Amino acid sequence: MSGDAATAAPATHKPSSTGSNTSSFENTSTQMRTPPQQHAVHTPPQGTGAQPLGISQQQQQQQQQQQQRSVKRPRPVKSCTECRKRKLRCDRLLPCSQCQKSTRICKYAADHDPANLSDGSDTEPVDINRPNKRSCPPGTANPNNVTNNDTATTPAKNGGSPGMPMLEDLSLRMERLERHMQGRSPAPTDTSGGRILYAASDTVRGLSVKSGGMTTRFFGQHSPRVMLNVFPEARAYLMGQHRGHASDDLLKSFGLLHKHRQDELHLAMKPITVFVDSMMPVQKRMTDILPKKEICDRLVTMYFDTSETIYRILHARTFYDAYSKYWDGKLQSESFLPQLLCVLSVASRFETKSRGMGHERSEGVHIPTACALVQSWLDNLKGKQLVDITTVQVQVLLIHASRMITPRLQDSWNKLGYVLRLAMSMGMHRDPTESDPRIPVFWGEIRRRLWFTLADMDLHMSIACNMPALLRDGDFTCKPPRNLNDSELFPDMQDLPPTRPIDQETDNQMQVYAAITLAARMRVAPLVNRIDSIRDYSEVLDVGTKLERFLDDINYIFPRQGSYSVDQKSKQWRSRVILDMHVRRPLLALYRPLALGAPDVPAEISRSFLKSSVVILKYLDELDPTQPSYPVVAEMYHQILKPDIIYCSLSVCYYIQSAVRQNSDSVIFSQHGGPSLSVAQGDDMSMVSAEVVVPWSPARLTSTVQESLDLLIKHMGGGDTKDILCLAAVLETVKTAEPNVQEVTRNLYAVLDACLRSSGIPKEKLHTVSMDHYGADSYMHGQPAYGYANSMGSGGSASNLAGWILWDGWE
């Protein structure tokens, strides 16, 4: 008890800086460096007259050596309290690196605190005989209060010190809570300049609420209805706030067109009843909907040339062997027909005139019917069939085929979650070499390819839906697949050949490079989902810089220049575009909430976001439009990248709006601060330079968006009317600083005429749609096209917002 009190006494001693107190300071310093036993001999505590007995000669010699040591003058300690307590080297940041590694609360003593004075430098060697200081609660300097130590301290928690007083622990928690509530960045970087990052929540996500809260639907940052919040003028126009103009009839016409195309889409999406509802075995029904062998040969070749690239699902050599045996009447696996139907469905979407939606078998398969039959086959599986690798291949192929016609990507995201968990239950997230008994090397490599396909699809769909990804970096140990041709792999092989260099073209080259970039891209999904709570730009810029480096590497692996034939150049372009868009999508998702919704954004974020948006919109500029294969490639580009085209076009419109209204020195209608654009001198388009993004001029950017809008109208499908109207209205309202309602309406009528021509619908047929089905009363009273009440929770009244194209029905 007396030793504890004596140890606490020097902590309350405050040395003087005058020369007369030097000896007093030296005595105090010597006492602080003496173990409790010797300290009790020379400085007995008050109230005790007896001296401890039995001090050994060795202890006396150690005491004399410590008294002869030179003592340094006191100076303020710059280390944090935790590093001082644990004798660690502190980098003197807040929080310091040591506390960050151990997830401890980093705290520094106040300047006037006596504990902030040290008897030596921070780097002075520590005496190994010196015991650890005991932490005492405030107010226990009196030795009579030492008995309260047990009730005033708390056990260690979350890396804290085991003897931390309760009051101090509560104060540290309060300080941490205050820092969190104030949104203060703990470690501002030079890049951010100490600025606080705030992404506007209404520009990142939205939620539609219907039926009194019983029915809800989440919309991510890629949704046009969310991006429309960045354009208040276009939003007000589409909500029908400009009453008394010709826009009422225009919006009603777009509503009729949308409803007519939706009805056509729903009719085409219905499976053929005679095959789906038949009592025949499902294998027989699958065989009945197959086209002739000549058509199947063409579609299978088309699939392996265009789809088995970054997503590797099937082994070409094994599939072609089973394909030949099937036409010879030697079907050996029940899973082959479902695989073949999915392959034909994917190829029919690009290679047939009906885009896989026709009932005739003369050119391909009917995708909805094929998907329904494959799903029926999967539903009948039981037991070990569910955990067979061929079953997982069918599951992935079905998602790949159905998302070609599914208007909502969230549906595919839901199904993929089940398949990914099924694969993990099979142990596919662990490397095949970890299994005992050992998995054959052939199937081990197929498992690696299939696992990285699932991981990449999960990341892509999660970012597109603005949803959390199921997988994160470190959740699996499966090694990336090797850069090998399918012809080098066969079932009876004993060892895998060595992988080839990444710049050497193989059947699996694209997936191998995608696997290299996967770890960096996986860091995007968690950042995007908490982007409005991040308070520092450093982590965002770190991930973005890595992704931009990968984009530069793609140009070296698939160079634009070279002595290629027409077919080779087209293949090089397709490979480069697929890899490029898989890296740019995460980059755009990472930068978009900041570039379009946060004030004082660093210039590198705005520049990179605009450049990536323009690059995606200008992919087709590298191809010669006079080539016979150009229409097919353009159709495929539209089919695969349609959401990206709409998303990037709206993003470029934001920069047009900022440039036009800043240059005109007029009233800025935008509610969010926009980046400053420097106008380039030339109109040359460059997609390679990382320093300058051309064109910068609003006129050139407007032309780029207009070309994309024309492509969307030319290939518009059943559910594209809303998106086309949204993009067209935004483009018309950002062209000038003060948009004119009459001018906007006149130009949108031209867009309506183009949509009718593309759809093959005459104006007379559009106005003969039954008013009873839509509600004649609302039609006669001229309701607006975009309803907003009970949807996003702001703007408009319920009676004024029950229009034709409702926000709640936006797919």
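Residues numbered from 1 in each chain as written. Predicted model: local features only at pLDDT ≥ 70, side-chain atom pairs only at ≥ 80, totals over all residues. Heavy atoms only, no water.

Looking at an unreviewed UniProt entry, one finds the protein chain named Zn2Cys6 transcription factor, with Pochonia chlamydosporia 170 as its source organism.

Bringing the packing of aromatic side chains into the picture now. Scanning the entire structure with this criterion turns up 15 aromatic pairs. Look at F304 and F319: their rings are 5.6 Å apart centre to centre, the planes differ by 50°, and that puts the pair in the tilted class. On the criterion of sequence distance, the pair formed by F304 in helix α14 (residues 293–306) and F319 in helix α15 (residues 316–327) is long-range, its members being 15 residues apart. Given a relative accessible area of 13%, F304 falls into the buried group. Note on F319 and Y320: the rings are 6.4 Å apart at their centroids and 80° apart in plane angle, and the pair reads as edge-to-face. Given the relative accessible area of 32%, Y320 is considered partly exposed. Three or more aromatic residues joined by ring pairs make a cluster, and in this case those are Y303, F304, F319, Y320, Y323, Y326, W327 and F336. When the ring centre of F219 is taken as origin, the NZ or CZ atom of R225, which lies over that ring, is 4.1 Å away. (Phe/Tyr/Trp six-rings, centres within 6.5 Å; stacked < 30°, edge-to-face > 60°. Helix = DSSP H or I, 4+ residues; strand = E, 2+ residues; numbered from the N terminus. Buried < 20%, exposed > 50% of the residue type's maximum accessible area, 1.4 Å probe, protein only. Lys NZ or Arg CZ within 6 Å of the ring centre and 35° of its normal.)

Consecutive residues of a regular strand have side chains that alternate between opposite faces of the sheet. As judged from the 5 bridges shared by strand β3 (residues 206–210) and strand β4 (residues 215–219), these two strands associate in the antiparallel manner. Within the sheet, the bridge partner assigned to S208 lies in β4 and is R217. A loop of 4 residues connects β3 with β4, the two strands running antiparallel in sequence, and S211 in this loop sits at a positive phi of about 55°. (Pairing = 2+ DSSP bridges.)

A few words now on the nonpolar core. Counting residues in hydrophobic clusters, the biggest one holds 183 residues, and the most contacted among them are Y303, L340, W451, Y619 and V730. Sorting elements by how many residues they give to this core places helix α26 (residues 630–663) first, with 16 residues. Counting residues in hydrophobic clusters, the runner-up holds 6 residues, among them C83, C96, C99 and C106. (Core = buried A, V, L, I, M, F, W, Y, C linked by side-chain atoms within 4.5 Å.)

The next subject is α15. For α15, with 12 residues, the first-to-last C-alpha span of 17 Å sits near the 16 Å given by 1.5 Å per residue. For α15, the set of buried residues is A316, F319, Y323 and Y326. Within α15, the buried residues cover an arc of 90° as seen down the axis, which keeps them to one side. In this fold, the buried residues of α15 make contact with α13 (282–288), α14 and α16 (336–351). Directly beyond the C-terminal end of α15, a positive phi value near 80° is found at G329. (Expected span 1.5 Å × (residues − 1). Arc of directions from axis to C-beta. Contact = heavy atoms within 4.5 Å.)

Here we come to the UniProt feature "domain: Zn(2)-C6 fungal-type" (unreviewed entry) in the protein chain. The UniProt feature table records "domain: Zn(2)-C6 fungal-type" (unreviewed entry) at residues 79–108. With 40% helix and 0% strand, residues 79–108 has its two end C-alpha atoms placed 7 Å apart. (UniProt positions renumbered as here; feature names shortened; annotations may be inferred.)

It is worth spelling out the side chain of T391 at this point. Within the element layout of this structure, T391 appears in helix α18 (residues 389–402). Given the relative accessible area of 3%, T391 is considered buried. Among the polar contacts made by the side chain of T391, one reaches the main-chain carbonyl oxygen of Q385 at a distance of 2.6 Å. Apart from residues lying up to four places away in sequence, T391 is in contact with L378, L381, Q385 and L386. (Polar contact = N/O pair within 3.5 Å; in protein donor to acceptor, adjacent residues only side chain to side chain.)

With that settled, the discussion passes to the pattern of salt bridges. For the coordinates displayed, the defined rule picks out 24 salt bridges. Across the pair D297 and K293 runs a salt bridge whose closest N-O atoms are separated by 3.0 Å. In this pair, D297 and K293 both sit in helix α14, 4 residues apart, roughly one turn of the helix. D297 sits in the partly exposed class, given a relative accessible area of 27%. Here R530 makes a salt bridge to E539, at a shortest N to O gap of 3.4 Å. A residue is classified by how much of its surface remains accessible, and R530, at 36% relative accessible area, is partly exposed. Each member of the salt-bridge network shares a partner with another, and the members are E308, R312, R449 and D486. (Salt bridge = Lys/Arg side-chain N within 4 Å of Asp/Glu carboxyl O.)

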